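Breakdown of the fold
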Amino acid sequence: MPTTVTEETQEGYLTGQLLVAMPAMRDPRFARSVIYICVHNAEGAIGLVVNRLAGSIEFGDLIEQLDMSLGEMEIVTNPPVHFGGPVDTERGFVLHSADYESEETLDIDKEFGLTATVDIVRTIASGSGPKSHLLALGYAGWGPGQLDGEIQENAWLNVDADNALVFDKDLDSKWDRALAKLGVDSALLSTESGRA
């Protein structure tokens, strides 16, 4: 039975939201990044960067590295491999539309799920996986209260997630589009941080 993030655990947290890095982001790994928050609760937060690729690794290379036996099946799709974040970069995660579900799937909300198994990679390779998906290596992680502190320090803005911002292939414009969804023009944002 799939795991579900309940509404009770979400109240006051950012599960299912997008984090948008502010221009003053000090960590270069997250500069101009957009991160989908898969889990956020009192124990911390986990998210996947949705607008950065994982260097030169291709889907076929990943299949080979996983030493996946596809049998007679041919790879019919070749999705990009994203940099999900700096934690556990050898591990793969698939953020996907809710039309795919397995016992290992974390149902984030009515639109999104997260699965980290070889089986979902195999179904994507065969072309029979979820309608929308983002394959990532690694994740972004925060300890208890850490993300809340970074938000208070103006490192991040949050915005509602939608399929286009999460799944479309135009990675270069996602940061600007996420800010625009908030009514913010990125050209007008200051790179200086401070408190009022």
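Refer to the preceding data block for the structure.
Residues numbered from 1 in each chain as written. Predicted model: local features only at pLDDT ≥ 70, side-chain atom pairs only at ≥ 80, totals over all residues. Heavy atoms only, no water.

Remarks on the overall build of the protein
When you go through the protein residue by residue, the secondary structure sums to six helices and ten strands. Across the 196 residues in the protein, those meeting the buried criterion constitute 42%. Put simply, 67% of the contacts in the protein that link residues at least 6 apart link residues at least 24 apart. Total accessible area on the protein is roughly 10,400 Å²; 48% of this is exposed by carbon and sulfur atoms. (Helix = DSSP H or I, 4+ residues; strand = E, 2+ residues; numbered from the N terminus. Buried < 20%, exposed > 50% of the residue type's maximum accessible area, 1.4 Å probe, protein only. Contact = heavy atoms within 4.5 Å. Areas by Shrake-Rupley, 256 points an atom, 1.4 Å probe, with all protein chains shown as cover.)

Notes on empty space enclosed by the protein
Applying the stated criterion across every chain yields a total of one cavity of 30 Å³ or more. Volume-wise, the largest cavity comes out at about 70 Å³. In this structure, the largest cavity is lined by Pro 79, Pro 80, His 82, His 133, Leu 134, Leu 135, Val 166, Phe 167, Asp 168, Lys 169 and Leu 171. Within the residue set of the lining of the largest cavity, elements represented by two or more residues are strand S9 (133–142) and helix H5 (163–167). Sort the elements by how many residues they give to the lining of the largest cavity and S9 lands first, with three residues. Its residues placed into classes, the lining of the largest cavity shows seven nonpolar, two polar and two charged. (1 Å grid on protein atoms, 1.4 Å probe; cavity = no way out; pocket = protein on both sides within 12 Å on 5 of 7 lines; lining within 4 Å. Points joined across faces, edges and corners; volume = space filled by probe spheres on them. Nonpolar A, V, L, I, M, F, W, Y, C, P; charged D, E, K, R; others polar.)

Here we look at the layout of surface pockets
Within this model, the second largest pocket holds a volume of roughly 200 Å³. Considering the residues around the second largest pocket, the lining is formed by 13 residues, among which Arg 91, Phe 93, Leu 106, Leu 114 and Ala 116 are closest to the centre. With three residues, strand S4 (residues 44–49) is the largest single contributor of residues to the lining of the second largest pocket. For the lining of the second largest pocket, the class distribution of residues is nine nonpolar, two polar and two charged.

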